[in-house]
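In case you want the letters, here they are:
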Amino acid sequence: MVKDPPLAGFTTLGSLKAGGSEPLQKQEELIGVIAVLAFHQTLPEYNETPLHELPPTPGVGCMLVKDELARFGLPAFKILGAPWAVYRAVGSHVGADAGDNGSGVGTRPSFADVGAAARRAHLRVVTVTEGNCGRAVARMAARHMGLPTYMTESTRARIRSEGEECVEADAGQNLVDVVEVDGSYEETVPVAFADVAASDGNAVMVLDVGIEGFDVVPTYFVQGYNTMLAESDRQVLAAAGRRPATHVVVPAGAGSIAEAVTAHFRGKQTSDSDSTSPVRVLTVELTTAACLLVSLRVGVPTTVPTGDTIMCGMSCGMLSTTAWPVLQTGVDAVVSVTDAEAHAAVEEFKSLGVLAGPCGTATLAALKKVCADGNTRRELGLDESSVIVLYCTEGAKEYPIPL
């Protein structure tokens, strides 16, 4: 059993947000949405994930869930960022990347061509993970190169299975090398970078978290998530009578998916002449890993200690350096939720036929907490005319029921 810490609430951020929107505009310029979507559509098992409508809640309008529970055969959104990041990072390393020319994938080498170049270079891919990201990277890279991956004990078998399904014909070897590090995610990152540094140029880091001196590859993950956003924008209009989203709720974690969502909607705000009011962006953190909220309160990225949780995919004590400027200027509220609240939302989703994990249902738990407080609900403009999109980012998994 995992016991919850004392209940933490929520904070709206009008008084904490830094001025200016330049980082958001710069981030939006980096994202070739059409090119990334076209790239994803060339991959086997590409599928558009569904959008579900939730039963009405008193005092708020249409509530929709973007269901990221089955992408490319994996139960989490990370698989959208991983193929684009592996393709771009490995391609750049071996000189087979056409770069961001905005013309789509027609002028780019294929994923198979990049993989062939990586095999000739005897390249390894290294990543750090609590599970979902590592498994996604493994699935995309294992057919082409060795993949040392660092993760917690509970996820080792799932990630190693990606290599067992992709046995190299010539050498007859499993392509995924799983290494467990005794420490937190934050403590594991330097170990992985040391592995890459000792490789004499035969390893490349594919990681979705930006740290000092490592800020290009994490941007590829963020760009990859724009396929989800392109799909949901269109689906929301169809589901809500041609009305766009007014509020979005997204997990924070280390920041990459929240960065993508925030930059997307702030970019639409600056470019869409028909937009009359900004989309409100609500982010969700754990009570045991509230690094975004702490960072916003002190005005600089701040690492916080983390604790045991059923939401291990969101248990991040440090923010991505690439996400920080976007989130600092762009989010409207940070809501912290407990394991018990996320579990209750898992059960509610299950009753509706949506089999999600606690990281995915944390968005519903956060929205319910906000809606229960009249002042905060009014401050965020939540009313019966609202169109709210919850990004559900994780499929069902086993976990200890919180007390």
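Residues numbered from 1 in each chain as written. Predicted model: local features only at pLDDT ≥ 70, side-chain atom pairs only at ≥ 80, totals over all residues. Heavy atoms only, no water.

J.: Just checking my understanding: could you explain the overall build of the protein for this structure?
T.: Each helix and strand counted, the protein has 15 helices and eleven strands in total. Taken over 403 residues, the protein has a buried fraction of 56%. Across the protein, contacts joining residues at least 24 apart in sequence account for 74% of those joining residues at least 6 apart. Carbon and sulfur atoms form 52% of the exposed surface of the protein, whose accessible area is close to 16,000 Å². (Helix = DSSP H or I, 4+ residues; strand = E, 2+ residues; numbered from the N terminus. Buried < 20%, exposed > 50% of the residue type's maximum accessible area, 1.4 Å probe, protein only. Contact = heavy atoms within 4.5 Å. Areas by Shrake-Rupley, 256 points an atom, 1.4 Å probe, with all protein chains shown as cover.)

J.: Got a minute to help me understand the confidence of the model for the protein in this structure?
T.: Detailed reading of the predicted model is not advised wherever pLDDT is low. Of the residues in the protein, 78% have a pLDDT of 70 or more, and the chain-wide mean is 81. Segment residues 1-8 is flagged for pLDDT under 50; beyond a separation of four residues in sequence, or across chains, it makes 24 contacts in the model. Considering only residues more than four positions removed or in separate chains, one finds that residues 163-174, a stretch of pLDDT under 50, has 15 contacts. (pLDDT = per-residue confidence, 0-100.)

J.: Before we go on, may I ask you to explain the side chain of Lys-66 in this structure?
T.: When you line up the elements, Lys-66 lands in strand β3 (residues 62-67). Lys-66 gets classed as buried once you look at its relative accessible area, which sits at 0%. Those residues in contact with Lys-66 that lie beyond four places of it in its chain are Thr-49, Pro-50, Leu-51, Arg-71, Met-228, Glu-231, Ser-232, Gln-235, Leu-390, Tyr-391 and Cys-392.

J.: It is not clear to me how a nonpolar patch on the surface should be interpreted in this structure. Could you clarify?
T.: Where nonpolar side chains cluster on the molecular surface, the patch consists of Val-294, Val-298 and Val-300 and spans about 220 Å² of accessible area. The residue Val-298 is located in helix α11 (residues 291-298) in this model. (Patch = residues over 30% accessible without salt bridge, like charges linked within 9 Å, V, L, I, M, F, W, Y side chains within 5 Å. Salt bridge = Lys/Arg side-chain N within 4 Å of Asp/Glu carboxyl O.)

J.: What is the right way to read the pairing of strand β8 (residues 247-251) from this model?
T.: For a regular strand, side chains alternate in direction, first toward one face of the sheet and then toward the other. Counting buried positions along β8 gives five out of five residues, so the element sits mostly inside the fold. Residues His-247, Val-249 and Pro-251 point to one face of β8 and Val-248 and Val-250 to the other, with burial holding for every one of them. Bridge analysis of β8 against strand β9 (residues 280-286) gives five bridges, and the strand direction is parallel. Note on β9: the bridge partner recorded for Val-249 is Leu-282. As defined by bridge partners, β8 adjoins strand β11 (residues 387-392) across three bridges and the pair is classed as parallel. Residue pairing for β11: Val-249 is matched across the bridge by Leu-390. (Pairing = 2+ DSSP bridges.)

J.: Hey, could you run me through unusual backbone geometry in this one?
T.: In most cases, non-glycine residues show a negative phi, while peptide bonds are predominantly trans. Backbone geometry at His-122 places phi at a positive 55°, although glycine is not the residue there. For His-122, the position within the fold is in the loop between α4 (111-120) and β4 (124-128). The phi torsion at Arg-242 lies on the positive side, around 70°, for a residue other than glycine. Along the chain, Arg-242 falls in the loop between α9 (226-239) and β8.

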